[in-house]
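Inside the fold
Listed below, chain by chain, are the residues.
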Amino acid sequence: MIIPVRCFSCGRVIGSDYVRFSNKVEEIRKSKNREANSEEISGILDDLNVTRYCCRRMILSNAELLEEILPFD
Ligand SMILES: [Zn+2]
């Protein structure tokens, strides 16, 4: 669904980082014509200063389903 504004465990604001993360992954997808690999994803999170694994799991495990669910409201 929608990314939570704060990390459930530590309370760090991660909502704004998710947008930047998604944009960088999309850049890699378009420029290299493939999905980003684990090292690239880890590097993006490090660049965004998302170092705690609780915050990383919030970003990595988020699934954008809002557009798919909207027609069924
Ligand atoms: Zn956290």
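Presented here is an overview of the structure given in this document.

Ideal values differ by geometry: the angle at a metal is 109.5 degrees with four tetrahedral donors, but 90 or 180 degrees with six octahedral donors. Protein coordination at the zinc ion: the donors are Cys-7 (SG), Cys-10 (SG), Cys-54 (SG) and Cys-55 (SG), at 2.3 to 2.4 Å from the metal. Coordination geometry of the zinc ion: the four donor atoms subtend angles of 94 to 116° at the metal centre, consistent with an arrangement described as tetrahedral. All donors of the zinc ion come from a single chain, and their spacing in sequence reads C-x2-C-x43-C-C. Taken together, the residues span a long stretch of sequence, with Cys-7 in the segment before α1 (15–32) and Cys-55 in helix α3 (residues 53–60) at a distance of 48 residues. Each member of the pair, Cys-7 as well as Cys-55, is classed as buried.

So, about unusual backbone geometry. You will see that Asn-33, though not glycine, has its phi angle at about 60°, which is positive. Tracing the backbone through its elements, the reader meets Asn-33 in the loop between α1 and α2 (38–47). Non-glycine residue Asn-49 carries a positive phi angle of around 65°. For Asn-49, the position within the fold is in the loop between α2 and α3. Under the relative-accessibility criterion, Asn-49 is labelled exposed at 54%.

What counts, and where the lines are drawn
- Residues numbered from 1 in each chain as written.
- Predicted model: local features only at pLDDT ≥ 70, side-chain atom pairs only at ≥ 80, totals over all residues.
- Heavy atoms only, no water.
- Donors = N, O, S within 2.8 Å, 3.2 Å for Na, K, Ca; no water.
- Tetrahedral: all angles 85-135°; square planar, octahedral: opposite > 155°, others 65-115°.
- Helix = DSSP H or I, 4+ residues; strand = E, 2+ residues; numbered from the N terminus.
- Buried < 20%, exposed > 50% of the residue type's maximum accessible area, 1.4 Å probe, protein only.

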